[in-house]
Every structure is written in C-alpha cells, then in structure tokens.
Amino acid sequence: TNFESISRIMAMMKKVKKYIDYALSLVSKAIREKKYRNENSTLKYLFYPCKNSKDMVVVFSACTRVGIPARYNYIRTLDSIEVNRLYILDDEGDDQRGSYYLGQYPEFYTEKAVIELITKVTDKYSFENLYFAGSSKGGWSALNIAASMEGRVKAVIIGAPQYKLGQYLQAPANMTTLNFVKGFLHDDEIVIDELDNHIRNKIRGLHNTKVYLHYSKQEHTYDEHIIYLLNDLKQITSVDENIANYSDHQDVSLYFPKYLKETVNMLIKR
C-alpha cells in the first residue's frame, strides 16, 4: 500500500541521516576530543560550549553492535540548540564497547571518574542546570550517574534504558562487557545481583530529578526492564512518558532523537 511505501521510505531516510550523523561525529571527534584522567581511569569526551547559556546537557553513549567500538551519540541532534553540551564516551573493555560507565566491580572507578569530570566542568563554568540524556546503555548510565549525584541533575531524558543490568549483560552478545565489569575472582551471582540493583539501591537520589522516558511497549526492553523502572520511579519523582510503536530495540535510535531535541528545547526555555 501507499502507506507502507511511505513508511519504508521514511525509515530509510532516518537510517541515512543516522549514518551521516555518524560520519560528522567522527570529524568532530578528531577535532574536539579531549581526555580526563584520574589515578584509575581515563575518559574521552567532547565539550561544546555555549556562552549564552548557563545550562548543560550531558550525553552518554549507547551500546554498539558486536565488533563496533563505542561512539558518541546525538551530536547533530542537539547541534542547533543553544545549550552547553558534554558528550562522554564509554569505550572500556576488550571490545571497546564500554562498561556502562562503571569500570570494574567492586570499586567502579569509571563511575567515580564520570562524576568528577561532570562536576569539574560544571564548577568551572558555573552552570546552573544540568540535564542528562542517553538511550539504551546511555539511558541506564544517565539515570545511574544522576542518582549518584543526588539532586544536582534537574532532568534526565532517556530512551529505552535497561534497568536490571545484570540480567541484561548475561545475553551472549553482552558477555564480554559482563566479564570486564565483574573482573577476576568474583562470584557471578553476587555481581549480577549488584548490577540488577545498582540503580534501585540509590534511586531515591532522583527525588528532585524529573525523568523524561521514551519507550515502546512492543520491544523486549519494556517487559524486561521498563515496567519495573516505571514502578520504582513513580514512587519518588515525576515521569513524562513518550510511547512509540516499534518492535526492534535498535530502532530507539530512529525515534528517540526527536523526543530528545523537543524536550531539551522545552527545558532550557523555562
């Protein structure tokens, strides 16, 4: 039908735009990328200052497909918005696909380094409002770091995040990440339980943070993670839900950018 043909064309156009955005992000990375080092960790990041703004959006990277190193996300999506932007890359591990910004159990040194970096940039420029964003792995990470910073983050804008991380990382495609995070000589069940409850154990740190949550009820993340996350979040904070209609988790990258851009625009104009 004509409707189906139009839908296919629109989906193809979104995918082409995604590849263009990736190519442009590589150029930006080569020019702008910097490193933050502390005694345990080295973080790569991009910072786009905006002298007319006292707000900053921190964007966390999503998980790539097996065999593809981590990459920055949503650079072009937010490029036209007058707001300071900090993109932090999560490329740890043997496959460079990241550790969910945690580092290794039990110290989780990367998590601490991320908080240090965000705090240093915020204090240097005296930013007044912090907003975190990300999809899938980036969504989990945005929630986790925001909860760790206990009320310093005004809002998080996230798409189809995991919640029970230990269960998720047991999938064959994610075992390299799990093995890196748990390190050597640690009991799998203990680490998996810790990861499953890592955000839940500190979720009250989000009590002053509004959550803008995009998801689809038709993809597996909803039944496995989102329903539990929503139940816990709604007990402590306000949640704006943006519900789309797709069955493949990877399609969050096609639907989330519009919601992210609209939400950031709305937040900084308040």
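Residues numbered from 1 in each chain as written. Predicted model: local features only at pLDDT ≥ 70, side-chain atom pairs only at ≥ 80, totals over all residues. Heavy atoms only, no water.

### With respect to the overall build of the protein
Of regular secondary structure, the protein possesses 8 helices and 8 strands. Taken over the C-alpha trace, the protein has a radius of gyration of 18 Å; the compact-globule value for 270 residues is 18 Å, and the two agree within 12%. Burial analysis of the protein (270 residues in total) assigns 51% to the buried set. Carbon and sulfur atoms make up 50% of the accessible area of the protein, which amounts to about 13300 Å² in all. (Helix = DSSP H or I, 4+ residues; strand = E, 2+ residues; numbered from the N terminus. Rg over C-alpha atoms; globule rule 2.2 N^0.38 Å. Buried < 20%, exposed > 50% of the residue type's maximum accessible area, 1.4 Å probe, protein only. Areas by Shrake-Rupley, 256 points an atom, 1.4 Å probe, with all protein chains shown as cover.)

### Re unusual backbone geometry
Omega for the bond connecting Tyr 105 with Pro 106 falls within 30 degrees of zero, at 0°, which places this linkage in the cis form. Within the fold, Pro 106 resides in the loop between strand S4 (84–89) and helix H2 (109–125). In the Ramachandran plot, Tyr 101 falls in the positive-phi region, its phi being about 55° despite a non-glycine side chain. Checked against the element boundaries, Tyr 101 lands in the loop between S4 and H2.

### Overview of a nonpolar patch on the surface
A surface patch of nonpolar side chains, about 290 Å² in accessible area, is lined by Met 12, Val 16 and Ile 20. With respect to the secondary-structure elements, Val 16 resides in helix H1 (residues 2–32). (Patch = residues over 30% accessible without salt bridge, like charges linked within 9 Å, V, L, I, M, F, W, Y side chains within 5 Å. Salt bridge = Lys/Arg side-chain N within 4 Å of Asp/Glu carboxyl O.)

### Here's the deal with the packing of H2 against helix H3 (residues 137–148)
One can describe the packing of H2 onto H3 by two numbers: an axis separation of 11 Å at closest approach and a directional angle of 70°. Considered as vectors, H2 and H3 are oriented roughly perpendicular to each other. In this structure, H2 contributes Glu 111, Val 114, Ile 115 and Ile 118 to the contact, and H3 contributes Asn 144, Ile 145 and Ser 148. For the contact of H2 with H3, a count of residues per class yields 4 nonpolar, 2 polar and 1 charged. (Axes fitted to C-alpha atoms, helices over the stretch in contact; angles between N-to-C directions. Parallel < 35°, antiparallel > 145°, perpendicular 65-115°, else oblique. Contact = heavy atoms within 4.5 Å. Nonpolar A, V, L, I, M, F, W, Y, C, P; charged D, E, K, R; others polar.)

### Topic: the pairing of strand S7 (residues 210–216)
With 6 of 7 residues buried, S7 lies mostly within the body of the structure. Here strand S6 (residues 155–159) runs beside S7; their pairing, made up of 5 bridges, is parallel. Bridging across to S7, Val 156 finds its partner in Val 211. Sheet analysis places S7 next to strand S8 (residues 239–244), joined by 6 bridges and oriented parallel. By the bridge assignment, Ser 216 is partnered in S8 with Ala 244. (Pairing = 2+ DSSP bridges.)

### Looking at empty space enclosed by the protein
Empty space left among the atoms is revealed by rolling a probe the size of a water molecule over them. Going through the model one piece at a time under the given rule, you end up with 1 cavity of 30 Å³ or more. Here the largest cavity defines a volume of roughly 50 Å³. Looking at the largest cavity, the residues that line it are Ser 41, Thr 42, Leu 43, Leu 89, Asp 90, Asp 91, Glu 92 and Thr 110. (1 Å grid on protein atoms, 1.4 Å probe; cavity = no way out; pocket = protein on both sides within 12 Å on 5 of 7 lines; lining within 4 Å. Points joined across faces, edges and corners; volume = space filled by probe spheres on them.)

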